[in-house]
Amino acid sequence: MKRYLVTGGAGFIGSNFVLHLLRAHDDVRVVNVDALTYAGNLENLREVEGDPRYAFCQADIRDAEAMAAVVAAEEPDYVVNFAAESHVDRSIEDPGIFESTNVGGTVNLLNVCRAAWERPGGGVGEHRYLQVSTDEVYGTLSLDEPDTFFRETTPLSAHSPYSASKASADLFCRAYGDTFDFPVLITRCSNNYGPYQFPEKLIPLMIHNAVHHEPLPVYGDGLNVRDWLYVEDHCAAIDLVLRKGRIGEVYNVGGHNERANLDIVETIIRLVSERLDDPEINDGLITFVEDRKGHDRRYGIDAGKIAAELGWEPKTPFEEGIEKTIDWYLAHADWVERVTSGAYKAYYEEMYGHRGAARA
Ligand code: NAD
Ligand code: TYD
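What comes next concerns the included structure. (Residues numbered from 1 in each chain as written. Chains lettered and ligands numbered in written order. Predicted model: local features only at pLDDT ≥ 70, side-chain atom pairs only at ≥ 80, totals over all residues. Heavy atoms only, no water.)

### With respect to the overall build of the protein chain
Counted only if it meets this: A run of H or I in DSSP counts as a helix once it spans at least four residues, and a run of E counts as a strand once it spans at least two, with each numbered from the N terminus. The quantity called the radius of gyration is restricted to C-alpha atoms. Its globule counterpart is 2.2 Å times the number of residues to the power 0.38. Accessible area is worked out with a 1.4 Å probe on protein chains only. A residue is then buried under 20% of its type maximum, exposed over 50%, and partly exposed in between.
Counting its secondary structure elements, the protein chain contains 12 helices and 12 strands. The C-alpha radius of gyration computed for the protein chain amounts to 20 Å, which stays within 12% of the reference 21 Å derived for 360 residues, consistent with globular compactness. Its C-alpha atoms put the protein chain at 70 × 45 × 40 Å along the principal axes. Looking at the protein chain as a whole, 56% of its 360 residues qualify as buried.

Structure follows, in structure tokens:
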């Protein structure tokens, strides 16, 4: 039986990962540690609340005492660190919290695990720590060189405060591996999409606005490219790296699915309009707005290493994944309404009001 401690398990990818683990393994213990910021939502985990293999603990990864207590009580074999501030636009407004949570929180977690795992004679037994990093640490690729991709050896060159904080955390993890023989693994994944993603991110925001006939705010010329991966495929990759990856290694994870933002928005319009049989959901809703500062032009992942070493490939074609995602959001309008009420509305006005695409 393996015991997992998952941080940030009430967020988008973390909650999908917790659900994935409990579905994929019978003999498992999963403890979810989450501070429940605006992005954390225990509703995502309602179906496993009563599962004896699962437990939740509200704590902040920056809190050394709380984290040491949960590691001592649960004795996890694996720690998977998802907990982070994750939205680039918020990092441009308020970089400090990104440094504090993403860098300080990660270093704190590394220290807590080291203290709990290191044995007097050396070594850490079978323990493993996996840092959920991102392809954004590599910086940007050019649209003019479509055959160039991020590889694990590509130098880190982050641009946004978000990606700078993730790159810094990523480097700390490698440093703990190199310096202390700490059993670290790192995954660097491309953009995820799927159920439970907070509607500040491109895909759920566009679905939500389309349903409500609100402007669809496309930054700049809409030609920035992201490599989209269905969240379930990312969860499978993380679990595989945790169990079978080589300690100290970095594994890129990506969808082989690069698309311009405008293509994504047009696809969403078409599918939402068809499903709701509503011709008023059309390209006329697209509103080009002021570009994001320092907007990375293109992300593209070479995921050849994880394919060759561990046999991982994305299973969900984009056409299938985007339909599943849209159907999930349409069927969970109540979830969306709850997470978009109150504080989110104020956030939306602040972020988009000055760009000229606030709610009608
Ligand atoms: P998210 O914002 O949906 O969730 C983050 C979770 O972390 C929330 O539940 C929040 O409450 C929790 N959290 C925040 N600060 C915390 C703290 N100090 N202590 C404990 N918990 C805290 O993020 P996500 O999109 O699910 O991303 C999860 C991880 O995956 C992040 O590390 C992100 O950098 C990485 N990542 C995301 C993507 C993507 O496309 N979303 C792609 C690659 C990597
Ligand atoms: P996002 O979902 O924020 O992910 P990331 O910035 O981490 O890649 O944004 C994805 C792309 O969509 C990015 O190029 C910015 C763009 N975008 C818009 O054009 N409009 C929006 O309202 C949002 C949130 C993003």
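### Here's the deal with the state of the cysteines
What counts here: Disulfides are defined as pairs of cysteine sulfur atoms found within 2.5 Å of each other.
Applying the stated criterion to the full structure yields 0 disulfides. Here Cys-189 stays free of any disulfide, with the sulfur of Cys-235 as its closest cysteine sulfur at 9.3 Å.

### Considering the sheet that holds strand S11 (residues 258-260)
Let me state the cut-off plainly: For two strands to count as paired, DSSP must find a minimum of two bridges between them. Axis geometry follows a simple rule: fit a line to the C-alpha atoms, using only the stretch in contact for helices, then measure angles between N-to-C directions, giving values from 0 to 180 degrees.
Read across the sheet, 3 strands follow the order S7-S9-S11 without closing on themselves; strand pairing throughout is mixed. The sheet is open, and its two edges are formed by strand S7 (191-193) and S11, each paired on a single side. Strand-to-strand, the axes of this sheet are offset by a mean angle of 50°, without reference to chain direction. By the bridge criterion, 3 bridges tie S7 to strand S9 (residues 225-230) in an arrangement that is parallel. The partner of Tyr-193 across the bridge, within S9, is Tyr-230.

### A few points about the layout of surface pockets
Test applied: A 1.4 Å probe that fits but cannot get out identifies a cavity on a 1 Å grid over protein atoms alone, an open set with protein on both sides within 12 Å along at least five of seven lines counts as a pocket, and a residue lines either if it has an atom within 4 Å of a point. Grid points are joined across faces, edges and corners, and a volume is the space filled by probe spheres set on the points. Basically, the charged four are Asp, Glu, Lys and Arg, the nonpolar ten are Ala, Val, Leu, Ile, Met, Phe, Trp, Tyr, Cys and Pro, and anything else, Gly included, counts as polar.
Of the pockets and cavities examined, the second largest pocket occupies roughly 210 Å³. Taken together, 13 residues line the second largest pocket, and the ones lying closest to its centre are Ala-236, Ala-237, Leu-240, Trp-312 and Lys-315. Considering every element that reaches the lining of the second largest pocket, the biggest residue donor is helix H7 (residues 231-244), with 8 residues. Of the residues assigned to the lining of the second largest pocket, the class counts are 4 nonpolar, 2 polar and 7 charged.

### Here's the deal with the side chain of Asn-41
What counts is decided by this rule: As used in this structure description, the phrase polar contact means that two N or O atoms lie within 3.5 Å; if the pair is within protein, one of them must be able to donate a hydrogen and the other to accept it, and residues adjacent in sequence are counted only when both atoms belong to side chains. What makes two residues a contact is simply this: any of their non-hydrogen atoms within 4.5 Å.
With respect to the secondary-structure elements, Asn-41 resides in the loop between strand S2 (28-34) and strand S3 (54-58). Among the polar contacts made by the side chain of Asn-41, one reaches the main-chain amide nitrogen of Glu-43 at a distance of 3.0 Å. With sequence-adjacent residues up to four places away left out, Asn-41 is seen in contact with Ala-10, Leu-36, Trp-335 and Val-339.

### A short note on the packing of helix H6 (residues 202-211) against helix H10 (residues 318-331)
This is how the line gets drawn: To sort the angles, those under 35 degrees are grouped as roughly parallel, those over 145 as roughly antiparallel, those from 65 to 115 as roughly perpendicular, and the leftovers as oblique. With the far helix as reference, a near helix turned anticlockwise by less than a right angle produces a left-handed crossing, and one turned clockwise produces a right-handed crossing.
Between H6 and H10, the least distance of the axes is 11 Å, while the angle of their chain directions is 55°. By the criterion of interaxial angle, the relationship of H6 to H10 is oblique. Between H6 and H10 lies a crossing of right-handed hand. Residues Ile-203, Pro-204, Ile-207 and Val-211 of H6 pack against Ile-322, Thr-325, Ile-326, Tyr-329 and Leu-330 of H10.

### Describing the site of ligand 1
Heads up, the condition is: Nearness of a residue to a molecule or strand requires only that one of the residue's heavy atoms be within 4 Å of it. Surface accessibility follows the Shrake-Rupley procedure with a 1.4 Å probe radius. Residue values consider only the protein chains on display as shielding.
The environment of ligand 1 is formed by 29 residues, the closest being Ile-13, Asp-34, Ser-86, Tyr-162 and Lys-166. Take Asp-60: an N or O atom from its side chain is 2.9 Å from a nitrogen atom of ligand 1. Between ligand 1 and the protein, one listed contact pairs an oxygen atom with a side-chain N or O atom of Tyr-162 at 2.6 Å. Here ligand 1 loses 97% of its free accessible area of 830 Å² to cover by the protein chains. Looking at the shell around ligand 1, the elements with two or more residues in it are helix H1 (12-24), strand S5 (128-134), helix H5 (161-180) and S7. Sort the elements by how many residues they give to the shell around ligand 1 and S5 lands first, with 3 residues. The residue makeup of the shell around ligand 1, split by class, is 14 nonpolar, 11 polar and 4 charged.

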